[in-house]
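Summary of structural features
What follows is each chain in one-letter form.
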Amino acid sequence: MLLMNDTVAPERTRLPKQHVTVLANEARAIQVRRGQLLRIEAGSPGVVASLFGFTEDPSVHLSVHHTRVFSNSYVLGKGMRLVTNRRRPLMVLGQDSVGHHDLLLPASPQVLDALKACAAEVGLSPDKWPDPINLFMNVELDQRGGLHPQPPRTQAGDHVTSRVLIDTTFIVCACPTDVEHHDQVGTLELTVAEDLSEF
Amino acid sequence: MSTRNFQVEAGHGLTFEVNQGDTLTIIDTEGKQAADFVAITRDGRGDRISPTHTRKRLMSLFFKPGDCLYDEKDRPMLRIVEDTVGIHDANVPACDATRFSVDFGVEGHRNCLDNLYEGLKPYLSTPLAVPEPFNLFQNGPVTSDGKMQVTDPTSRPGDRIVFEVLTNLVCAVSSCPQDIIPGNGLEVTPIDITIQAPAKEIL
């Protein structure tokens, strides 16, 4: 039987599970190899995970804008491919215990500062700071194009899990987002593993 | 009052400077033609207008006369003073070489990203640093389940959007060369641009 990890096996050895806690008002990086699973978990109710991802060439990054057009969708749903700014699938939303995320709003100044500080720590200096994927953010979109922030339904322990398809350095920020109902800060737990059984 | 007129050739790009106080008019000459529009400040900092930040300021995918387009630092860069169409897109990234090669299996097709980068080279390090565009006249309706409908513009020949320029900018416009999917009515046509500068005060 040839599964995802069998296909990447010739490229690398099986890696141990990694775990990183993102503290409130901070950002942390985590490296994920092709074939691994990334889980992002809320440590407290109502937190937002502002997600960024940079490939080996940091000018090629996770792109919220290309992700929308790749699926012709303004909203993120389970099974959707999150793609790079070169239209290649970088990861797939495979598990989602929340069901509301935002693909439309920018990073707050706090998120951007945390992103820049974290990127500098891991030696990343992209030409342009990408806009975030706002995991766990709850913003309704009406058919006239209006955006309406709603109280988040995320509880501690809620999570999303994605199979990653390109070696990527992810940066996840746990900062106030400057969007109504979404300035609660708390921790986020990042876990990377080869298989679901390791979580 | 001095006036400058330019035409963006069908499927090509054009870069030009505007100054605070100018009136910038972008015209869909023959109708049903998307014009990708980006702008960068000429104050040495190179700040870019941002559809994402504009969306947050307006809490809407769409904009209307009286609204401004904002940069990444939430400063207003252009104010919409007239709009004969009312339907534009601020959501879809510029078509690029990969739009045609990955999605349609077509190599070497003209594309908005390269059209925009061509004149912006002195301001940007790579095509991937081109700002996200406002796609004037492009039509991306929201369906009841949050999908983007892929369809043609509603603009008719001569339809226009007029901006008051609020700061000194370098702008780039691309007549979108997409002729494979709905977006330009399967026929790529030119875009006209008019810039009116206020009369200089006589000292």
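The structure this text deals with has already been given above.
Here the structure is a predicted model, which means the values were calculated and not measured.

Observations regarding the overall build of chain A
A count of helices and strands for chain A gives 3 helices and 12 strands. In terms of C-alpha radius of gyration, chain A reaches 16 Å, essentially the compact-globule figure of 16 Å for 199 residues. The principal-axis extents of the C-alpha atoms in chain A amount to approximately 50 × 35 × 35 Å. Scored against the burial criterion, the 199 residues of chain A give a buried share of 47%.

Digging into the pairing of strand 11 (residues 168–173) of chain A
All names here are of chain A. Counting buried positions along strand 11 gives 6 out of 6 residues, so the element sits mostly inside the fold. Taken together, the 6 bridges between strand 2 (residues 27–32) and strand 11 define a ladder with antiparallel strand orientation. Bridging across to strand 11, isoleucine 30 finds its partner in phenylalanine 170. Pairing of strand 4 (residues 49–54) with strand 11 involves 5 bridges; the strand directions are antiparallel. For leucine 51, the partnering residue across the bridge sits in strand 11 and is valine 172.

Describing the interface of chain B and chain A
Facing the 27 residues of chain B at the interface are 24 residues of chain A. Of all the secondary structure elements, the ones that give two or more residues to the side of chain B that touches chain A are helix 1 (51–58) and helix 2 (97–104) of chain B.

A short note on the sheet that holds strand 2 (residues 13–18) of chain B
Residue and element names in this part refer to chain B. In spatial order, the strands read 2-9-4-7; together these 4 strands make up an open sheet with antiparallel pairing. The open sheet is flanked by strand 2 and strand 7 (134–136), the only strands paired with a single partner. The sheet shows a mean angle of 25 degrees between the axes of neighbouring strands, direction not considered. Pairing between strand 4 (residues 35–41) and strand 7: 3 bridges, direction antiparallel. By the bridge assignment, alanine 35 is partnered in strand 7 with leucine 136. Across the face of the sheet, helix 3 (residues 112–120) comes into contact with strand 2, strand 4 and strand 9 (169–175) while running at roughly 45 degrees to strand 2.

Some words on unusual backbone geometry
Residues other than glycine seldom take positive phi values, yet Asp178(A) does so here, at roughly 70 degrees. Residue class for Asp178(A) comes out partly exposed when judged on the 16 C-beta atoms lying within 10 Å of it. Positioned with a positive phi, Met59(B) is a non-glycine residue whose angle comes to about 45 degrees. Checked against the element boundaries, Met59(B) lands in the loop between helix 1 and strand 5 (68–70).

Observations concerning the pairing of strand 9 of chain B
Look at any regular strand and the pattern is simple: side chains alternate between the two faces of the sheet. Residues and elements named next belong to chain B. Here strand 9 lies mainly inside the structure; 6 of its 7 residues are buried. With 6 bridges connecting them, strand 2 and strand 9 associate as antiparallel partners. By the bridge assignment, glutamate 17 is partnered in strand 9 with valine 170. Inspection of the sheet shows strand 4 paired to strand 9 by 7 bridges, in the antiparallel sense. Looking across to strand 9, one finds that phenylalanine 37 is bridged to valine 173.

Rules of the game
- Residues numbered from 1 in each chain as written.
- Chains lettered and ligands numbered in written order.
- Predicted model: local features only at pLDDT ≥ 70, side-chain atom pairs only at ≥ 80, totals over all residues.
- Helix = DSSP H or I, 4+ residues; strand = E, 2+ residues; numbered from the N terminus.
- Rg over C-alpha atoms; globule rule 2.2 N^0.38 Å.
- Buried ≥ 20, exposed ≤ 12 C-beta atoms within 10 Å, placed from the backbone.
- Pairing = 2+ DSSP bridges.
- Contact = placed C-beta atoms within 7 Å.
- Axes fitted to C-alpha atoms, helices over the stretch in contact; angles between N-to-C directions.

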